[in-house]
Amino acid sequence: MRPSARSLNESERYCVRSLIFIDMPETRAKLLQSLSPRVGQNVKTGESRARLGNLMPSATTTGKPLRKGAPIDWTKVVLNGAMPLAGVLAALAIAGIFLALLKVDPLTAYKSLVDGALGSTFGLTQTLVKATPLLLVGLGICIAFRANVINIGAEGQIIMGALAGAALPLSMPGLPGFVLVPLACIGGFAAGAFWGFIPGILKARLRVNEILSTIMMNAIALQFMNFLLQGPLMDPENVRRGTFLAQSARLPKEVWLPRLVPQTLLHSGLFIAIILAVVVYIFLWRTTIGYQIRAVGLSPDASGYAGIDVRANIALSMTLAGGFAGLAGVIEVIGVQHRLLEGLTSGYGFTGIVAALLGGLHPIGLIPASVVFGGLLVGADKMQRAVQIPSSLVTAILGMIVLFVSGAGIWAKSWAAKRLAGRPQGTEATK
Amino acid sequence: MKGLFSLNVLTGVLNSMIALATPFLYAAIGETFAQTAGVVNLGVDGIMLLAAFGAFFVTLMTGNLWLGLLAAAAIGLAMGLIMALISVTLKAEQGVSGIGLYMFGLGMSSLLFKVLVGTVKTVQGFQPVSIPILSTIPFIGPILFNNSVLVYGAFLLVPLAWVVLEKTNLGLKFKAVGQNPAAADSLGINVVAIRYLAVCIGAILAGIAGASLSISLLNLFQDDLTSGQGFIAVALVYFGGWSPIGVLGGALLFSAVNSIQLWMQVLGVNLPASVAVMLPYILTIVALMMTANRARQPAALNKPFDRSEN
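Not measured: the values here are computed from a predicted model.

Rules used in this analysis
Residues numbered from 1 in each chain as written. Chains lettered and ligands numbered in written order. Predicted model: local features only at pLDDT ≥ 70, side-chain atom pairs only at ≥ 80, totals over all residues. pLDDT = per-residue confidence, 0-100. Helix = DSSP H or I, 4+ residues; strand = E, 2+ residues; numbered from the N terminus. Contact = placed C-beta atoms within 7 Å. Axes fitted to C-alpha atoms, helices over the stretch in contact; angles between N-to-C directions. Parallel < 35°, antiparallel > 145°, perpendicular 65-115°, else oblique. Left-handed = near helix turned anticlockwise from the far one by under 90°. Nonpolar A, V, L, I, M, F, W, Y, C, P; charged D, E, K, R; others polar. Core = buried A, V, L, I, M, F, W, Y, C linked by C-beta atoms within 7 Å. Buried ≥ 20, exposed ≤ 12 C-beta atoms within 10 Å, placed from the backbone.

1. Considerations on the confidence of the model for chain A
In low-pLDDT regions, the fine details of the predicted coordinates are not to be read closely.
All names here are of chain A.
(1) Moving on: Predicted confidence across chain A gives a mean pLDDT of 79, with 77% of residues reaching 70 or more.
(2) Moving on: Taken element by element, chain A is modelled with least confidence in helix H4 (residues 51-55), mean pLDDT 33, and with most confidence in helix H16 (residues 310-337), mean pLDDT 95.
(3) Moving on: This stretch, residues 35-69, has a pLDDT under 50; its non-local contacts, to residues over four places away or in other chains, come to 41 contacts.
(4) Moving on: Of the regions scoring below 50 in pLDDT, residues 424-431 engages in 8 contacts with residues more than four places distant in sequence or in other chains.

2. Focus: the packing of helix H8 (residues 121-146) of chain A against helix H18 (residues 363-387) of chain A
When two helices pack together, their arrangement is given by the angle between the helix axes and by the axis-to-axis distance.
Residues and elements named next belong to chain A.
(1) Moving on: Between H8 and H18, the shortest axis-to-axis distance is 7 Å and the interhelical angle comes to 135 degrees. On the basis of the axis angle, H8 is oblique to H18. Here H8 runs over H18; the crossing is right-handed. Within the contact between the two elements, H8 uses Gly123, Gln126, Thr127, Leu128, Lys130, Ala131, Leu134, Leu135, Gly138, Leu139 and Cys142 and H18 uses Pro363, Leu366, Ile367, Ser370, Val371, Phe373, Gly374, Gly375, Leu377 and Val378.
(2) Moving on: Counted by class, the contact of H8 with H18 contains 13 nonpolar, 7 polar and 1 charged residues.

3. As for the interface of chain A and chain B
(1) Moving on: Listed by partner, the interface residues are 37 residues for chain A and 41 residues for chain B.
(2) Moving on: For the side of chain A that touches chain B, the secondary structure elements donating two or more residues are helix H10 (177-206), helix H11 (210-229), helix H17 (348-358) and helix H19 (392-421) of chain A.
(3) Moving on: With 14 residues, the top contributor of residues to the side of chain A that touches chain B is H19 of chain A.
(4) Moving on: By residue class, the composition of the side of chain A that touches chain B is 26 nonpolar, 10 polar and 1 charged.

4. Things to note about the nonpolar core
(1) Moving on: Core analysis: the biggest nonpolar cluster contains 228 residues, and Ile401 of chain A together with Ala52 and Leu236 of chain B have the highest contact counts within it.
(2) Moving on: With 17 residues, the single largest contributor to this core is helix H9 (residues 191-217) of chain B.

5. What to know about unusual backbone geometry
Working note: non-glycine residues mostly have negative phi, and peptide bonds are mostly trans.
(1) Moving on: Phi is positive for glutamine 263 of chain A, which is not a glycine, with a value near 65 degrees.
(2) Moving on: Positionally, glutamine 263 of chain A belongs in the loop between helix H12 (236-241) and helix H13 (269-286).
(3) Moving on: Glutamine 263 of chain A sits in the exposed class, given 9 other C-beta atoms within 10 Å.
(4) Moving on: For lysine 91 of chain B, which is not glycine, the phi dihedral falls at a positive 55 degrees.
(5) Moving on: The exposure class assigned to lysine 91 of chain B is partly exposed, which follows from the 18 C-beta atoms found within 10 Å.

6. Some points on the packing of helix H7 (residues 106-118) of chain A against H8 of chain A
All names here are of chain A.
(1) Moving on: Remark: H7 packs on H8, axes separated minimally by 5 Å, with the N-to-C direction vectors making an angle of 85 degrees. As far as their axial angle goes, H8 and H7 are roughly perpendicular. Of the residues in H8, those touching H7 at Gly116, Ala117 and Leu118 are Gly123, Leu124 and Thr127.

Now the structure itself:
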């Protein structure tokens, strides 16, 4: 983890201060531009505001569109789309080689996988059903990553959200749906947020490595759910029949999300997720808090000296990440399962990370990415049933995708830097 | 509850403690090398899983435990090279690539197990070897000197790692590239090569840690055999303050908690199993909190080295 501003020595402080406020106009322009295109433009056009105002978006400008009139950079869009796609294909190819070595025909496997995800109405809707929690989890991961915080704790946060989302409606039956649904959602968001807040505040205050703490939080949440499902939350019906299945009672019908296509599991949670993707985009790129979170992620030192509370933003980003994962848990409970049961997370927490990385850590890019991975999960189930190839193949493929994408990131960066350097000065600001 | 304090149980708890500390020691000492050189390898758990399967499978096929161990080390080396390629040569974010390596190991070990083995099978693992005379010491003899080869190896690794890190030229190079790679580079130390070496040593030891589970302690393989022990091992490195001796202390503390937790379940202490299983994870977080803000952390930990930036 990068040192917080207070651990800088005097000469470094001087450098940072001068970088932001006094000297080196070019470096400053670059830094500011990387923080916000709009501020960069202002610097370029010499529209100098007050010292601090240069870095902080003022209330009058934050609401306006950033790229008004700027042409969409299609090469960038294609690059952002093509690189991850190449990563996915490479991972599939290598997994295919492994399959061939295991004397399993990779073509049969992949055909069955694609067929399962896209071959039928049910498959298609299932892909969207699985894309919904991935999108929600991924949104949280995006926010955290933007603050340079790696949230591996989505699994546990989903569980906590699902727990709250199931326990609240179960404990107050008889309430109408328009009360219960928001209540469950808010409760689940809060539970997930709490589970994210703990590692967040530990990182912010004590610099505890968030990857390790969130992995431990995952294990604790899992055991907590097991404990509740084998005790207080176990379906009384199960107890009466003596089956002792580890699942809760069925939730009241009022809290079920409406189904969109008859005979399928597709539910209206998909719309909630898509709307929230737009909300998160606006939050990160159009609000002061979102701006601060990104600034902290890009340079904690510089943002500290610009008056941004680095610790608060680290804790906040982790809390929000937990909240979105918690919401994914609620939506899964009230949209698909209608009860709490073991194995509810289906690895969404980890797959969501991969989707977020492939979506370029951007809420809008995340939408197609989560559909791709939703399809991959659905297809894997089908593959396991139809041609008996274990669905754990997909976990291995996901791992390889992460390795490829994280490894290829530096090439993409240096390529983009070269491209930027080769441009005439004036066009740089429109990026 | 009374049963927990009898001598027999105490012997049992201590015996399990020594055994349970073994995989932690291999993995955490290995990770100490990698982190001393500035690379956080979070893929330890994935390496342990795949290597545990490799050791198990080779032993199952050939009946030769040493070949199994060799397979585990080879798998560790291969995965270490991948990690080093991505985090040292390609300078990727180490946390993310480590998670990728973990997911690869988790998925691949489960896939291979299901395709190649299918059902739960056990192998004849490394048997306890009594050390003459020492093992006849009352009470501590059977606990300390009647273990399998891999257990002895784990505890011998601690002083060995300490000597390498503190008393040799190579250990100094590890520290130099972990503290200040630019300075090390200017003195003619090949930063990339030293970091590759450290990551690979760590990964080989992580592989042996996996083997110690599948062909020495449990003698079987199943999905997610390690259940996050690799991550706890990484946490132990922080806990131990990047020193093999500290890591030993941490590993013993953790395995003590684990062993007491297991024995409480064996003895039927009235505590839900799920709550007992939580204990080591809670302890890990507490340990990370207590040892946070340590000044001893290698200064360039988690930072890729780029010559052109210096």
